Amino acid sequence: MSQENEFEKIGSLFRHISQPTRLKILYQIGNSEACVCHLEAQLGLRQAYLSQHLMALRDTGLLIAERDGRFIYYRLANPAILDLVQAAMKVLHVDQTSLQKSNDIKKACSCPKCNG
């Protein structure tokens, strides 16, 4: 593959993750998995809005979705995506401690993994 094609692939990746909501989703999912109800509680966004972004990330191959009953759990297809997001945070001097996941997520989530 030519060098130009390789840079096109990189540019395509950045275009797909450039929206702040998609970056938040990728960061929140991190190295584990999350259902939509987790992401709703963590990000304070509506399910329909989240689902649109989750579908776009899944369609580009960045997320893997697995169904368990009526719940769909998402995880990163490649953990290096989180490394990329965290590297951008370091470059921009973003305080990651202020973005850490809430410990109260189980209170707000109705999935069997939180209420089981």
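As a starting point, this report considers the structure included with it.

What counts and what doesn't
Residues numbered from 1 in each chain as written. Predicted model: local features only at pLDDT ≥ 70, side-chain atom pairs only at ≥ 80, totals over all residues. Heavy atoms only, no water. Helix = DSSP H or I, 4+ residues; strand = E, 2+ residues; numbered from the N terminus. Buried < 20%, exposed > 50% of the residue type's maximum accessible area, 1.4 Å probe, protein only. Polar contact = N/O pair within 3.5 Å; in protein donor to acceptor, adjacent residues only side chain to side chain. Axes fitted to C-alpha atoms, helices over the stretch in contact; angles between N-to-C directions. Parallel < 35°, antiparallel > 145°, perpendicular 65-115°, else oblique. Left-handed = near helix turned anticlockwise from the far one by under 90°. Contact = heavy atoms within 4.5 Å. Nonpolar A, V, L, I, M, F, W, Y, C, P; charged D, E, K, R; others polar. Core = buried A, V, L, I, M, F, W, Y, C linked by side-chain atoms within 4.5 Å. Patch = residues over 30% accessible without salt bridge, like charges linked within 9 Å, V, L, I, M, F, W, Y side chains within 5 Å. Areas by Shrake-Rupley, 256 points an atom, 1.4 Å probe, with all protein chains shown as cover. Salt bridge = Lys/Arg side-chain N within 4 Å of Asp/Glu carboxyl O. Expected span 1.5 Å × (residues − 1). Arc of directions from axis to C-beta.

1. Side note on the side chain of H53
With respect to the helices, strands and loops of the structure, H53 is situated in helix α4 (residues 47-59). For H53, a relative accessible area of 6% puts it in the buried group. Of the polar contacts made by the side chain of H53, one reaches the side chain of Q19; its length is 3.3 Å.

2. Looking at the packing of helix α3 (residues 36-43) against α4
Contact pair α3 / α4: the axes reach a minimum separation of 10 Å and the direction vectors enclose 115 degrees. The angle between α3 and α4 falls in the class roughly perpendicular. As α3 runs across α4, the sense of the crossing is right-handed. For the pair α3 and α4, contact is made by V36, L39, E40 and L43 and by Q47, L50 and L54, respectively. Split by residue class, the contact of α3 with α4 holds 5 nonpolar, 1 polar and 1 charged.

3. Looking at the nonpolar core
Counting residues in hydrophobic clusters, the biggest one holds 20 residues, and the most contacted among them are I25, L26, I29, L54 and L63. Residue assignment for this core shows that the elements contributing at least two residues are α2 (20-29), α3, α4, β3 (71-76) and α5 (80-91). In contact with L26, other than residues within four places in its own chain, are I17, L57, L63, L76, I81, L82 and V85. In this structure, C35, F71, Y73 and C109 belong to the second largest nonpolar core, which totals 6 residues.

4. Looking at a nonpolar patch on the surface
Taken together, the side chains of V91, L92, V94 and L99 make up a nonpolar region of the molecular surface, amounting to roughly 360 Å² of accessible area. Take L92: it is sitting in the loop between α5 and α6 (105-108). A residue is classified by how much of its surface remains accessible, and L92, at 62% relative accessible area, is exposed.

5. Considerations on α4
Taking 1.5 Å of rise per residue, 13 residues should cover 18 Å, and α4 covers 18 Å from first to last C-alpha, within 8% of that figure. Within the span of α4, buried status applies to L50, H53, L54, A56 and L57. Within α4, the buried residues cover an arc of 160 degrees as seen down the axis, which keeps them to one side. More than 90 degrees from the buried face of α4, the exposed residues found are Q52 and D59. Residues of α4 that are buried make contact with α1 (3-17), α2, α3, β2 (63-68) and β3. Taken from the residues just after α4, G61 is the one with a positive phi, measuring 85 degrees.

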